[in-house]
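Architecture and fold: a report
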Amino acid sequence: MTFSKVIQRVPRPYSETLGGESAERFSDHPKEIRGFIKGVAGTSPYLKSLIDREHLWLNEVLSTSGNVPEQTIKAITIDKNIPLTLRQAKRRIALWVALCDLAGAWSLEEVTGALSDFADHAVSAALNVAVQRQAERKKIPGFRADDNPETAGVFVLAMGKMGAGELNYSSDIDLICLFDDSRFDLADFHDARSAFIKATREMSATLNDLTAEGYVFRTDLRLRPDPSVTPVCIGTDAAERYYESLGRTWERAAYIKARVCGGDLSAGSAFLERMQPFVWRKHLDFTAIEDAHNMRLAIRDHKGLGGPITLEGHNMKLGRGGIREIEFFTQTRQLISGGRDPSLRERQTVIGLSKLAEQGWIGADVAQTLSDHYRAHRTVEHRLQMMHDAQTHSLPASEEGFARLACLMDKDEADLKKEIRSRLEAVHALTEGFFASSSHAGKQAPENEDRDESFENIVAGWLTYPALRSKRALKTFERLKPELIRRLKTAGKPQEAFIAFDGFLAGLPTGVQLFAMFEAFPKLIDLLIDIVASSPVLAQYLSRNAQVFDAVIGGSFWDDWPGKEALCKDLSDRLGVLGDYEAKLDATRRWSKEWHFRIGVHLLRGLLGAKEAARQYGELAEAVISGLWPEVIGQFATKHGHPPGRGAVVLGMGSLGLGRLHSSSDLDLIVIYDAGDADMSEGKRPLPSRQYYARLTQALVTAMTVPMAEGKLYEVDMRLRPSGNKGPVATSWSAFQSYQMGEAWIWEHLALSRARVIAGPQAFGQEVENFRVSLMGQTPPDAAKRALSKMRLRIARAKGAAQVWEIKEGAGRLQDIEMMAQLGRLLDGGSARDVLSGLQSAVRAGVLTEPQGAKMENTYALLWNLRVAAQLLGQSDFEEERTAEGAKRFVLTLTDYLDLETLKEELGAKTEEVSAIIDGALPIVEDTYEEG
């Protein structure tokens, strides 16, 4: 498109300004263009100078179509004349961008994008020439003069607005220059560093030095690590060590926008990838709010910009309500959440705001409002800089200056002032509340208000706890304490709430991040108090894993349960982007803990019943095994080769097989493998097939149980495998079949009635399942009943009579009912595993009557609800005497009783009745080991 087609009208202020002399040089063009150029030249002395100097070129391009900035960049020749070439290109790019901007032909993003794109090419060209010169002088070890300078190992990071592709019209450019020191031997390191320092200085001079032809970009290299003592180009190893040990929040924020813009792209990209853990913390980082707020205040104090908004001379970048406020707001939110949500890792401010809104971290209206103000602020900033090519961000201090700005903005002066003030005030109101809320949180209550000596004694002890050792944690907690105490006092049982919270705080190893999170999200305090007052297990868990609160504010914590398939995919996706095996194990632990915590909180809050919670705990365990098993195999295969034969399946036994777990369940597993005809694996260190699968199984158990930085996943029990602890940890398929058909005890077939393949090759797993089902319905009824009677007798003799609150073991309890359901399945056959269908099978097999089966089902449901509740309270069996009132209310809610006395009476009656039913259904036997 030709430029004349862009000009649909002459902006009124331009036509009223003086620039006729400059416009006369464009007499061959339409009057709209002449009038436009006249207005521009008369309004901006800087643009007038560019028009006068480049009028021949401008006359030519005004009549052509095509992308002028792109054509200008392509015309740059990389040679010794690069300083002159780049300066000429900069003049032309600056002029063309200004004309397109002022004419309204380009959006803000197109303007800043064109300026940033040219900056990339300028930096790249200047560095290439400088590196080439060092290579010609044989100053770079191992690098020849005819080698590509973009493979020398040195690279430039664009930071700030250049990194984001958001350069101002008269921006300086913030660069960090680094080189990959791992490419050079120790003996060559100093020579390489010296050469790259010289190349960096030459590049900077090419861009920065003011000559008769002007300059390209003012260049700032001070964002590098410790610039007062480090050279202008440093090795990546030194940079990484600095950031790991001394890196500050503002440097993390700076790296959000970091981008390789010149030199060795491969080396630069690898460095930025290694920097990800520094920039993006794996947990939500709310300390970034206070850090950013302190930076804002420091900038205001240093620049003297802390006063109220007054338009004359107001700094549109650093002043109240300015551009930096919006950028800090966006970057701080990104730092808080970007470690958990990679979609937030955007360099550009407006896109970053949009992503934050999409993920629910800010309101869509806030994102839209701030984006609108940001674009408006940046436009004003550009017009200010177009006047004199000055890196200014301050509004004019004179009426004449404001009149000139209004002219460039195509607005009435009074309207412009009103609009700018309104926007500044709106930005300040939106951002100041976010940053400064923490500094006003928790105002001290009067000393004599609601004094309670017992509470005061507890509170006085808090200062001795590990979580409050650091000055920063103590400072944050002191702001938080009044609100925390107020909420504890309004709990249903304040004394219990204080004691419970005290226990939580005592076990908390560090508090900075958690306290900062509570400041940002005060409603979390209510959730914490609810948890610590009701569930000691969850409270203790939170003390050790406070980071799981991340999930609560992560957007989907209160959503519906996603289901097993979605869980498996989510875990697989997370592990798929990690390369290190240990990192995958830690990531699995972190992921599992968050989901485990979610189930417990939903259960505690009444969003789930015990049955739904049991299913969710079961699906979570399955997802963990399904996700880890391929990773364990992959890691093991790096040394010993891929699994020989058809591979192995993981069989879930007991409650895992039922898909019905509670919060403290361990996992009963069996591993079955089929090596086929393969005697050995094929790998760097091949193993005999039997040893291969035994060690692979041990690797799985280790992956699940070994304590790591993120704790452990589950306890694993493999005693249900053939021959128990005396047998191999992994069983071959042929041996498993032979054992089950000829050697297994009846109780082992009872256990198989609940077995289920959890992970492994699908076809092999189906074969194992078919074999399992074939064993059901094959045991003689009398032998099965006698075997079950003996098992009950041994349990009774080992344990003694059950007390009323005992839930799992004992006559008429969970285990007793489950064994009857297993007996029903063993006699009746079929593939179902659940307790209800097993009891129905017992009815069909004539072991129980229908009313008896219904009574057992009803009692089992009550026992299971009580079991789930007790486990969440940290109790194996319910302990009425040591259970707090809040926890008792939870038990009553989950079991649907009004009071514990009634629950206790009915529980005793129901279990006695079930015990009598089972006694009557099974024969009386002596305790011998015949018939297993």
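Residues numbered from 1 in each chain as written. Predicted model: local features only at pLDDT ≥ 70, side-chain atom pairs only at ≥ 80, totals over all residues. Heavy atoms only, no water.

1. Some thoughts on the overall build of the protein chain
What the protein chain contains, in helices and strands, is 41 helices and 10 strands. Residues counted as buried form 56% of the 932 residues belonging to the protein chain. Summed over all atoms, the accessible surface of the protein chain reaches about 39,700 Å², with 49% contributed by carbon and sulfur. Charge-centre separation for the protein chain: the mean point of 114 positive side chains lies 3 Å from the mean point of 127 negative side chains. (Helix = DSSP H or I, 4+ residues; strand = E, 2+ residues; numbered from the N terminus. Buried < 20%, exposed > 50% of the residue type's maximum accessible area, 1.4 Å probe, protein only. Areas by Shrake-Rupley, 256 points an atom, 1.4 Å probe, with all protein chains shown as cover. Lys, Arg positive; Asp, Glu negative; His and termini not counted. Charge placed at Lys NZ, Arg CZ, Asp CG, Glu CD.)

2. Focus: the pairing of strand β1 (residues 154–158)
Most of β1 sits inside the fold, with five of its five residues counted as buried. Of the two faces of β1, the one lined by V154, V156 and A158 and the one lined by F155 and L157 are each fully buried. Bridge analysis of β1 against strand β5 (residues 259–263) gives four bridges, and the strand direction is antiparallel. Its bridge partner lying in β5, V156 is registered against G262. (Pairing = 2+ DSSP bridges.)

3. Some points on a negative patch on the surface
Taken together, the side chains of D899, E901, E905 and E906 make up a negatively charged region of the molecular surface. With respect to the secondary-structure elements, E901 resides in helix α41 (residues 900–921). (Patch = residues over 30% accessible without salt bridge, like charges linked within 9 Å, V, L, I, M, F, W, Y side chains within 5 Å. Salt bridge = Lys/Arg side-chain N within 4 Å of Asp/Glu carboxyl O.)

4. Observations regarding the nonpolar core
Residues W462, L505, F549, F597, M704 and M820 are the most contacted members of the largest nonpolar core, which totals 158 residues. Here this core takes 14 residues from helix α30 (residues 610–640), the largest share from any one element. What M704 contacts, discounting residues up to four positions off in sequence, is R589, V624, I625, L628, L667, K712, L713, Y714 and V716. (Core = buried A, V, L, I, M, F, W, Y, C linked by side-chain atoms within 4.5 Å. Contact = heavy atoms within 4.5 Å.)

5. Focus: the confidence of the model for the protein chain
Looking at the protein chain as a whole, the pLDDT averages 85, with 91% of positions reaching at least 70. At the level of individual helices and strands, the protein chain shows its lowest average pLDDT in helix α1 (residues 3–6), which scores 39, and its highest in β1, which scores 97. Counting interchain partners and residues more than four positions distant, the pLDDT-below-50 stretch residues 1–18 has 50 contacts. (pLDDT = per-residue confidence, 0-100.)

6. Re the packing of helix α29 (residues 581–604) against helix α32 (residues 689–705)
Running from amino to carboxyl end, α29 crosses α32 at an angle of 55°, the nearest separation of the two axes being 9 Å. The orientation of α29 relative to α32 falls into the category oblique. Between α29 and α32, the contacting residues are Y581, L585 and R589 on the first element and T702, A703, M704 and T705 on the second. For the contact of α29 with α32, the per-class residue count stands at four nonpolar, two polar and one charged. (Axes fitted to C-alpha atoms, helices over the stretch in contact; angles between N-to-C directions. Parallel < 35°, antiparallel > 145°, perpendicular 65-115°, else oblique. Nonpolar A, V, L, I, M, F, W, Y, C, P; charged D, E, K, R; others polar.)

7. Re the packing of aromatic side chains
According to the stated counting rule, one finds 23 aromatic pairs in the structure shown. Seen in terms of ring centroids, W733 and F736 are 6.3 Å apart; in terms of plane orientation they differ by 20°. Their pairing is stacked. Linking W733 with F736, this pair stays in helix α33 (residues 733–742), spanning three residues, or about one helical turn. Since its relative accessible area comes to 6%, W733 is described here as buried. On the basis of relative accessibility, which here comes to 2%, the residue F736 falls in the buried class. Taken together, the aromatic side chains of F155, Y242, Y243, Y255, F271 and F278 make up a single cluster linked through ring pairs. Over the ring of F217 we find K90, and its NZ or CZ is 4.4 Å from the ring centre. It is K417 that lies over the ring of F402; its NZ or CZ is 4.9 Å from the centre. (Phe/Tyr/Trp six-rings, centres within 6.5 Å; stacked < 30°, edge-to-face > 60°. Lys NZ or Arg CZ within 6 Å of the ring centre and 35° of its normal.)

8. Quick notes on the pattern of salt bridges
Evaluated as defined, the whole model comprises 49 salt bridges. A salt bridge links R375 to E109; its shortest N-O distance comes to 2.9 Å. With a gap of 266 residues between them, R375 in helix α18 (residues 364–388) and E109 in helix α9 (residues 108–136) connect regions that are remote in the sequence. Of the residues examined, R375 reaches a relative accessible area of 31% and is grouped as partly exposed.

9. Focus: the side chain of D120
With respect to the secondary-structure elements, D120 resides in helix α9. Judged by relative accessible area, which is 15%, D120 ranks as buried. One polar contact links D120 to R259, side chain to side chain, over a distance of 2.7 Å. (Polar contact = N/O pair within 3.5 Å; in protein donor to acceptor, adjacent residues only side chain to side chain.)

10. Focus: the environment of S915
Positionally, S915 belongs in helix α41. Given a relative accessible area of 11%, S915 falls into the buried group. Spatially, the C-alpha atom of S915 lies 8.8 Å from that of G810, the residues being 105 residues apart in sequence. Ignoring any residue separated from it by four or fewer positions in sequence, one finds S915 in contact with R792, A811 and G812.

11. Regarding unusual backbone geometry
The backbone of D226 shows a phi angle near 45°, a positive value even though the residue is not glycine. Residue position: D226 is located in the loop between β3 (219–220) and β4 (233–235). By relative accessible area, D226 is classed as partly exposed at 35%. If you check the backbone angles, D410 has positive phi at about 60° while not being a glycine. Its place among the elements puts D410 in the loop between α19 (399–409) and α20 (413–440). Overall, the relative accessible area of 28% leaves D410 in the partly exposed class.

12. Some words on the environment of L246
For L246, the position within the fold is in helix α12 (residues 236–246). On the accessibility criterion, L246 (53% relative accessible area) is exposed. L246 sits 21 residues away from P225 along the chain, and the two C-alpha atoms are 9.1 Å apart.

13. A closer look at α30
Note on helix geometry: an α-helix contains 3.6 residues per turn, so any two residues three or four positions apart are oriented the same way. In this model, α30 (31 residues) spans 44 Å end to end at C-alpha, consistent with the 45 Å of a helix rising 1.5 Å per residue. Among the 31 residues that make up α30, 22 are buried, leaving the element largely enclosed by the rest of the structure. (Expected span 1.5 Å × (residues − 1).)

14. Overview of the side chain of K417
Within the secondary structure, K417 sits in helix α20. Excluding residues within four positions of it along the chain, K417 makes contact with L311, E312, E399 and F402.

15. Quick notes on the environment of S343
Note on placement: S343 falls in the loop between α16 (323–337) and α17 (349–358). C-alpha of S343 to C-alpha of L356: the two residues are 13 residues apart in sequence and 8.8 Å apart in space. In terms of polar contacts, S343 uses its side chain to reach the side chain of D341, at 2.7 Å.

16. Examining the state of the cysteines
Counting across every chain of the model gives zero disulfides. The thiol sulfur of C177 is not disulfide-bonded, and the nearest other cysteine sulfur, from C233, lies at 5.8 Å. Its relative accessible area of 2% is what places C177 among the buried residues. (Disulfide = S-S within 2.5 Å.)

17. Some remarks on the packing of α30 against helix α39 (residues 850–872)
For the pair α30 and α39, the least separation of the axes is 9 Å and the interaxial angle reads 65°. The chirality of how α30 crosses α39 is left-handed. Packed against α30, whose contacting residues are A610, A614 and Y617, the element α39 presents W864, N865, V868 and L872 at the interface. Class assignment for the residues of the contact of α30 with α39 results in six nonpolar, one polar and no charged. (Left-handed = near helix turned anticlockwise from the far one by under 90°.)

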